[in-house]
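Structural characterization, general
Chain residues, written in single-letter form:
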Amino acid sequence: MRTDRTFTMLKPDSVEKGHIGAILEKITASGFRIVAMKLTQMTKADAEAFYAIHNERPFFGELVTYMTRGPIVAAILEKNNAVEDFRTLIGATNPADAAEGTIRKLYAASIGENAVHGSDSDENAAIEGAFHFSGREMF
Ligand code: UDP
Ligand code: MG
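Presented here is a report on the structure given in the accompanying data block. (Residues numbered from 1 in each chain as written. Chains lettered and ligands numbered in written order. Predicted model: local features only at pLDDT ≥ 70, side-chain atom pairs only at ≥ 80, totals over all residues. Heavy atoms only, no water.)

Residues in close proximity to ligand 1 include Lys11, Tyr51, His54, Phe59, Leu63, Arg87, Thr93, Arg104, Ile111, Gly112 and Asn114, which together make up its full environment. Residue His54 places a side-chain N or O atom 3.0 Å away from an oxygen atom belonging to ligand 1. Within the contact set of ligand 1, an oxygen atom lies 2.8 Å away from a side-chain nitrogen or oxygen of Asn114. Compared with its free state, where it exposes 500 Å², ligand 1 has 81% of that area covered by protein. Using a 2 Å cut-off from the grid points, one finds that ligand 1 occupies the largest pocket. Looking at the shell around ligand 1, its residues break down into four nonpolar, four polar and three charged. (Near = heavy atom within 4 Å. Polar contact = N/O pair within 3.5 Å; in protein donor to acceptor, adjacent residues only side chain to side chain. Areas by Shrake-Rupley, 256 points an atom, 1.4 Å probe, with all protein chains shown as cover. 1 Å grid on protein atoms, 1.4 Å probe; cavity = no way out; pocket = protein on both sides within 12 Å on 5 of 7 lines; lining within 4 Å. Sits in = over half its atoms within 2 Å of the grid points. Nonpolar A, V, L, I, M, F, W, Y, C, P; charged D, E, K, R; others polar.)

We now examine the layout of surface pockets. In this model, the largest pocket occupies a volume close to 770 Å³. Lining the largest pocket are 27 residues, and of these Tyr51, His54, Phe59, Leu63 and His117 lie nearest its centre. Listing elements by their share of the lining of the largest pocket, those giving two or more residues are helix H3 (44-50), helix H4 (60-68), strand E4 (116-118) and helix H7 (122-132). Broken down by element, the lining of the largest pocket gets its largest block of residues, four residues, from H7. Residues of the lining of the largest pocket, tallied by class, amount to eleven nonpolar, eight polar and eight charged. (Points joined across faces, edges and corners; volume = space filled by probe spheres on them. Helix = DSSP H or I, 4+ residues; strand = E, 2+ residues; numbered from the N terminus.)

With that settled, consider the nonpolar core. The biggest cluster of nonpolar side chains holds 18 residues, and the ones touching the most others in it are Leu10, Ile23, Ile27, Phe32, Phe86 and Ile103. Among the secondary structure elements, those contributing two or more residues to this core are helix H2 (20-29), strand E3 (72-78), helix H5 (82-90) and helix H6 (103-107). In terms of residues, this core owes the most to one element, H5, which gives four residues. Each residue touching Ile27, except ones within four places of it in the same chain, is listed here: Leu10, Phe32, Leu77, Phe86, Leu89 and Ile103. (Core = buried A, V, L, I, M, F, W, Y, C linked by side-chain atoms within 4.5 Å. Buried < 20%, exposed > 50% of the residue type's maximum accessible area, 1.4 Å probe, protein only. Contact = heavy atoms within 4.5 Å.)

This paragraph deals with the side chain of Thr6. Looking at the secondary structure, you find Thr6 in strand E1 (residues 5-10). Excluding residues that lie within four positions of it along the chain, Thr6 makes contacts with Ala75, Ile76, Leu77, Ala82, Val83, Phe86, Ser119 and Ala125.

The subject of this paragraph is the side chain of Lys11. Positionally, Lys11 belongs in the loop between E1 and helix H1 (12-16). Asp13 is the oppositely charged side chain nearest to the buried, salt-bridge-free Lys11, at an N-O distance of 6.9 Å. Not counting residues up to four positions away in its chain, the partners in contact with Lys11 are Tyr51, Tyr66, Met67, Ile72, Arg104, Asn114, Ala115, Val116 and His117. (Lys, Arg positive; Asp, Glu negative; His and termini not counted. Salt bridge = Lys/Arg side-chain N within 4 Å of Asp/Glu carboxyl O.)

Bringing the pattern of salt bridges into the picture now. Tallied over the full model, the rule gives eight salt bridges. Close ionic contact of Glu78 with Arg33 constitutes a salt bridge, the shortest N to O distance being 3.1 Å. With Glu78 in strand E3 and Arg33 in strand E2 (residues 33-40), this pair connects stretches of sequence that are 45 residues apart. When the shortest N-O distance is used, the salt bridge between Lys79 and Asp85 registers 2.5 Å. In this structure Asp85 comes out as partly exposed when scored by relative accessible area, which is 25%. One salt-bridge network, held together by shared partners, links Arg5, Arg33 and Glu78.

On to the environment of Gly70, then. Among the secondary structure elements, Gly70 is positioned in the loop between H4 and E3. In contact with Gly70, not counting residues within four places along its chain, are Pro12 and Gln41.

In structure tokens form, the structure reads like this:
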């Protein structure tokens, strides 16, 4: 299992607010190389499958509605220690708890609408990357 890649989504709120450029600049300036990237929109079935681990949680319905309401930017990122370093760069799930300078501190509105996704393990990074990209879309 490679430890140098992670998967991210700039969530619908980031796209709606015009934050794609600023967030990508922060990501690349932090040493991540973009391996794959696209603007896409998740269907209800996509979001339910992607977030299946949370399907018993009280916020699941809202999460699916939020994640499907508009386009996202999906990307695979490469860097030494990518998963852990990217979680540090995005900050805590709740922006109120996120460290200064993190992407969620800067751009997230709430624990629900929190601007970006970051994989939580190498295994999930590989699964989530393959969910959105074919091998020929990865560079
Ligand atoms: N979420 C929510 N309410 C919560 C916790 C999470 O709406 O109380 C949403 C939020 O968009 C979060 C996503 O569900 O990013 C997945 O939750 P997780 O705990 O995996 O947080 P993450 O890994 O994104 O920090
Ligand atoms: Mg998570």
